[in-house]
Every structure is written in structure tokens, then in C-alpha cells.
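Observations on the three-dimensional arrangement
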Amino acid sequence: QASGGEEEGEESGGGEAAAAAAAGLSPRGSRPKMGSRFWSKAEHARFLDALRRRGTFDAHDIARVVGTRTVKQVRSHAQKYFLKLARTSPQEDEARARSAAAAAAAAAASGSKSSGPQPSEGP
């Protein structure tokens, strides 16, 4: 008899889960159904917008603004985002500076070569 009660609970739960899925909600109906494990550009843009508007990190508020991610997913995304910022910002700045210096040197070198043949080139 106990197993019969469990089966009935599973059947009614299955119906609720199907109804929630049809409505685009998770089986519990408390949050939107997740589409992908990767954040879309639109979701990330909403994440950044909420982060800038809030001024401080509030995962609950950001999850509400994003609309398609849970608080746990927002926390994980924020952690990865901030680590990436810390890791890439100084390196990108150095790379940009080296690239600009190399481009300036190349422009200067090509400018002197374009003025005519160099004496060392010979016949």
C-alpha cells in the first residue's frame, strides 16, 4: 500500500512537471526553465547592466534582472567574470602597448624604406 501512495504521488508530480514545462518554468515552477549551460550575449549584457546599476554585487537582484538564471548560476558566472577581469586586464594592457609600439616601429621602418633604395641593397 505504501508503494501505491508513492506511485500516485509520482503521477501527480509528473503532471505538474509537464504543466510547468509547458509554461516554460522549472518543475517546481519557481524559476524560468534554463536553456543552456552557456550564457548568451543577451544574458551577459543583462548581467553587466544589473551589476553596473546596482553598484554592488547582489546575486538575487541580478538573477531577477537576467530572468533566465538562478542565483547560484549568477554567483558562478560572477566569480568567473571577476577572475577573468583580474587575470586578463593587466595582460591585455601590456599586449596593447606592445602591439602599438610594434605598429609604430613597423610604420617608421616602412616609412624609411619607401623613401627609396638603401645604399646597402646594391645592384
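Check the entry above for the structure.
An account of the accompanying structure is given in this report.

Remarks on the overall build of the chain
Helices and strands together make up the secondary structure of the chain, namely four helices and zero strands. Listing each helix as α and each strand as β along the chain from the N terminus yields α-α-α-α. Across the 123 residues that make up the chain, the buried fraction comes to 16%. The contacts of the chain with a sequence gap of at least 6 include a subset with a gap of at least 24, amounting to 42%. When the accessible surface of the chain is summed, it comes to about 9,300 Å², and 55% of that surface belongs to carbon and sulfur atoms.

Some remarks on the environment of Ala42
Counting through the fold element by element, Ala42 comes out in helix α2 (residues 41-54). We classify Ala42 as partly exposed; its relative accessible area is 42%.

Re the packing of aromatic side chains
The final tally for this structure, using the stated rule, is four aromatic pairs. With 5.9 Å between their ring centres and 75° between their planes, Trp39 and Phe47 make a pair best called edge-to-face. Its relative accessible area of 19% is what places Trp39 among the buried residues. Look at Phe47 and you get buried, because its relative accessible area is 0%. By way of ring pairs, the aromatic residues Trp39, Phe47, Phe57, Tyr81 and Phe82 are connected into one cluster.

What to know about helix α3 (residues 59-66)
When α3 is considered as a whole, its buried residues turn out to be Ala59, Ile62, Ala63 and Val66. When α3 is viewed along its axis, its buried side chains cluster within an angular range of 100° and face the same direction.

Here is what the cut-offs are and how they apply
- Residues numbered from 1 in each chain as written.
- Predicted model: local features only at pLDDT ≥ 70, side-chain atom pairs only at ≥ 80, totals over all residues.
- Heavy atoms only, no water.
- Helix = DSSP H or I, 4+ residues; strand = E, 2+ residues; numbered from the N terminus.
- Buried < 20%, exposed > 50% of the residue type's maximum accessible area, 1.4 Å probe, protein only.
- Contact = heavy atoms within 4.5 Å.
- Areas by Shrake-Rupley, 256 points an atom, 1.4 Å probe, with all protein chains shown as cover.
- Phe/Tyr/Trp six-rings, centres within 6.5 Å; stacked < 30°, edge-to-face > 60°.
- Arc of directions from axis to C-beta.

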